[in-house]
Amino acid sequence: MVNTVIKRMCKVWQYGMGRTVLATLAAHSNSISVGLCQGYSAILLPQLQDKASKLVITEQDASWIAALGVISNPLGALLSGLLVEVMGRRGAIQVTAIPYVVGWICLALAREFTLLCVGRFISGLAVGMAAASYVYVAEVAPASHRGPLSACGPVLVSLGVLIVYTLGFFAAWHIVAALCTIFALFSLVAVSLVPETPPWLASRGRTAEARTALVWLRRSPAAADKELAEIMESMAHAKKEAEAGVGRCSFVQPTIWKPFLLLLAFFFFQEGSGIYVVLYYAVSLFQEVGTEMNEYVASIWVACMRLVMSILGALAIQRLNRTTLACMSGVGMFVAMLAAGFYEHLFSSVPPSSRPLPWVPLACFLVHVCVSMLGYLQLPWIMTGELFPLRARGAMGGLVSSLGHLLIFTSVKTYPDLRNAIGMDGVLWGFSALSLCGAVFGKLLLPETNGRTLREIEMSFAGQGQLGQAVSDKTTDEEAAVPPPAPATGGRKNSRGEAVAVPVDTNDDSILDIVKARDTITVGRQR
C-alpha cells in the first residue's frame, strides 16, 4: 500500500500537479493550528482540575473553557466569508495567523480564569477563519484531484490534535500554548509563497495575474490557457444570467438555498454524532468510562488512529463516492456508540477502575474516531468549498461554516449538562441514533460531487444537470490534469518545427470572443 501511494504521488508530481500540491499544503498548514486549538482543552482541563493546580476551576468553569474555544468560531467563519471576497482567498488565510498568535500568547501568560477565557475566545476566532483554506483549495485544484487535495485539511487537523495531545503528556499547559505559536507563524510564511486563486483574480479583472498563477500551478502554458478560458466562460455565463435577472446572489436562487440547507443538515448530523465531544473531552471521557490504559496515553492512541484514518480517508475520497463514504461513516459511528452505550448502561454502578473488560470503551471510541474520519468529519468542510457558485462561494461558505461552528459550540457546551441529565449511556445512545440518521441522509439526500467540476455542480442545482453517481474514469488522472496541446493549425512553431500553444492575450477580450464563437457553433450544430 505504501509503495502504491508513493508511485501515485510521483505520477501526480510528474504530470504538473506538484506545485498544486504544494499550494494545497501551504493553504492547509493552518489546519495544524485548528487541530491544536480543538485538542487543547482535552489536555488543559485535566491539568487545571488536578489537586496540585494553582488555578482552581469548577465544572462549569471547565465547560466554559472548552466551549469558548468554539463559541467564537461562527464569528470567525463569517469574518472569513467577508475577507475571502475583499482580500482574496490567500489574503484571508494570511490574516488568520494574527488571532492564532494573540490567542496562544494569552493562554501562555494566563494565571487567572479571565485571561484563559480571553485566549480561548481569540484562538477560537482563528479556527472559524480557517474555512478560507477549503475555498482556496477548491479553486486551485483540478476536478480530478480536488477530493484528496481538499481532504489534506482534515489530515493536518488530525496531525495538530496528535501534536497537542503528545505535548500535553510531557509539558504543562502554558508551555504547550507557547509552543503552538510556532505553527501559526509557519503557516503565515508558507501561504505567502503561493499565488492567489485564478478564479478570484479573474473575477476582479486581473486576467494577466490569473494566467500567471495558473502557469505556476499547472506548469504548462497550454493547460493554463485552457483552464483560464473555462473560467472566463463561467464568468461570462454568470454575467449573462445577472443581466437577465436570474443570476443575482440571492438566497431564493436554487444554486444558493439548496446547497445551504443540505450543508446545514450535514453539519447537524456531524455534531449530533458526538465527533467533537470526543475530541474536546477525550481525556475526561476516558477517566469517566474507565480504561486499563492511562487516560493521556489512551487519548494519544485515539489521535494516532485519527491521523492514520484521515490519511486513508483522503485516499478513499478519490476512489469512492461522497454518498458512499457518508453512509459508511454514519453506520460505523452508530454501531460504535451503540456498543459503548450498552457497556456504560451495564456497568454504570461499578467504579471505572473495577469494571470488567476495560478495553471495550477504548475500542468503541477508536472505532468511532476511525470511521468518522472516513466521511462525516471531513466531508461537510470539504463540500463548503464545492457546492456554492463562484459569486457566492466566499459569503455563503462563511455563513454555513459559522452555523456549523455554532452547532459544535452547542454540542460541546451542553455535553456536561446533558450527561448529568440523562446519564452517560443516554448521551452515547443519542450519538448513536443521530449517526444512523446521518447515514440515511448521506444515502438519500447528499449530492455526489466526486469528479465534477465546480461549474457542473452549480448547474446541477440550477436544474441543468444531475449530481448522481460520479463520472466514470475513462481517462487517467494524469490525462485529466494535463490537457492535450492545442492544434498546430494557425499556431506557432518552435525551432524544431513543433507546434506550441499560443499564449492568451490578456489585454483584450479574446477569450470571451472564443467562448462566444464556440457557443455560436454549438447552437448551429443543434439546429
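Our subject is the structure listed above.
Quantities reported herein were computed from a predicted structural model and do not represent experimental measurements.

So, how was this worked out
- Residues numbered from 1 in each chain as written.
- Predicted model: local features only at pLDDT ≥ 70, side-chain atom pairs only at ≥ 80, totals over all residues.
- Heavy atoms only, no water.
- Helix = DSSP H or I, 4+ residues; strand = E, 2+ residues; numbered from the N terminus.
- Buried < 20%, exposed > 50% of the residue type's maximum accessible area, 1.4 Å probe, protein only.
- Contact = heavy atoms within 4.5 Å.
- Areas by Shrake-Rupley, 256 points an atom, 1.4 Å probe, with all protein chains shown as cover.
- Phe/Tyr/Trp six-rings, centres within 6.5 Å; stacked < 30°, edge-to-face > 60°.
- Salt bridge = Lys/Arg side-chain N within 4 Å of Asp/Glu carboxyl O.
- Patch = residues over 30% accessible without salt bridge, like charges linked within 9 Å, V, L, I, M, F, W, Y side chains within 5 Å.
- Core = buried A, V, L, I, M, F, W, Y, C linked by side-chain atoms within 4.5 Å.
- Axes fitted to C-alpha atoms, helices over the stretch in contact; angles between N-to-C directions.
- Parallel < 35°, antiparallel > 145°, perpendicular 65-115°, else oblique.
- Left-handed = near helix turned anticlockwise from the far one by under 90°.
- Nonpolar A, V, L, I, M, F, W, Y, C, P; charged D, E, K, R; others polar.

Remarks on the overall build of the chain
A tally of helices and strands in the chain yields 25 helices and two strands. Per-residue burial over the chain gives 55% buried out of 527 residues. At a minimum sequence separation of 6, the contacts of the chain that also span at least 24 residues come to 81%. In the structure as shown, the chain presents an accessible area of about 22300 Å², 66% of it carried by carbon and sulfur atoms.

Some thoughts on the packing of aromatic side chains
Scanning the entire structure with this criterion turns up nine aromatic pairs. Measuring from ring centre to ring centre gives 5.8 Å for Phe 266 and Phe 441, while their planes differ by 50°; the resulting arrangement is tilted. Here the residue Phe 266 occupies a position in helix H15 (residues 254-272), and Phe 441 occupies one in helix H22 (residues 390-444), the gap between them amounting to 175 residues. Taken as a pair, Phe 266 and Phe 441 share a single burial class, namely buried. Considering the side-chain rings of Phe 342 and Trp 429, the 5.3 Å spacing of their centres and the 70° angle between planes classify their relative orientation as edge-to-face. Within this pair, whereas Phe 342 is found in helix H19 (residues 322-347), its partner Trp 429 is found in helix H22, the two being separated by 87 residues in sequence.

Details of the pattern of salt bridges
Going through the model one piece at a time under the given rule, you end up with eight salt bridges. In this structure, Asp 225 engages Arg 211 in a salt bridge whose closest nitrogen and oxygen atoms are separated by 2.6 Å. Of this pair, Asp 225 sits in helix H14 (residues 221-244) while Arg 211 sits in helix H13 (residues 207-218), and the two are 14 residues apart along the sequence. Each of the two residues, Asp 225 as well as Arg 211, counts as buried. We note a salt bridge from Lys 226 to Glu 230, for which the minimum N-O separation is 3.3 Å. With Lys 226 and Glu 230 both in helix H14, this residue pair falls four residues apart, about one helical turn. Of the residues examined, Lys 226 reaches a relative accessible area of 42% and is grouped as partly exposed. Given a relative accessible area of 43%, Glu 230 falls into the partly exposed group. Several salt bridges share partner residues, and in doing so they unite Glu 85, Arg 89, Glu 139 and Arg 204 into one network.

Quick word on a nonpolar patch on the surface
Nonpolar side chains collect at one region of the surface, where Leu 79, Leu 82, Val 86 and Met 87 lie side by side and expose about 360 Å² of accessible area between them. By the element assignment, Leu 79 lies in helix H4 (residues 73-86).

Structural notes on the nonpolar core
Membership of the largest hydrophobic core comes to 108 residues, with the highest contact counts inside it found for Tyr 40, Tyr 100, Trp 104, Leu 116, Tyr 165 and Tyr 281. Ranked by residues supplied to this core, first place goes to H22 with 12 residues. Ignoring any residue separated from it by four or fewer positions in sequence, one finds Tyr 281 in contact with Leu 45, Ser 63, Ala 66, Val 412, Tyr 415 and Pro 416. Counting 19 residues, the second-largest nonpolar core is a separate cluster that includes Ala 27, Met 129, Val 140 and Leu 217.

Side note on the side chain of Ser 33
Structurally, Ser 33 is set in helix H2 (residues 30-48). Every residue in contact with Ser 33, bar those within four places of it in the chain, is listed here: Tyr 100, Phe 183 and Ala 184.

Some remarks on the environment of Ser 310
Within the secondary structure layout, Ser 310 lies in helix H18 (residues 295-319). Note on Ser 310: relative accessible area 0%, which makes it buried. Through-space distance from the C-alpha of Ser 310 to that of Pro 154 is 6.4 Å; in sequence the pair is 156 residues apart. Setting aside residues up to four positions removed in sequence, Ser 310 forms contacts with Pro 154, Val 155, Ser 158 and Met 373.

Section: the packing of H19 against helix H20 (residues 359-374)
Running from N to C, H19 and H20 cross one another at 165°; their axes reach a closest spacing of 8 Å. One finds that H19 runs roughly antiparallel with respect to H20. Here H19 runs over H20; the crossing is left-handed. Residues Leu 325, Ser 329, Gly 332, Met 333, Ala 336, Met 337, Ala 339, Ala 340 and Tyr 343 of H19 pack against Val 360, Pro 361, Cys 364, Phe 365, Val 367, His 368, Val 371, Ser 372 and Leu 374 of H20. Considered class by class, the residues forming the contact of H19 with H20 number 14 nonpolar, four polar and no charged.

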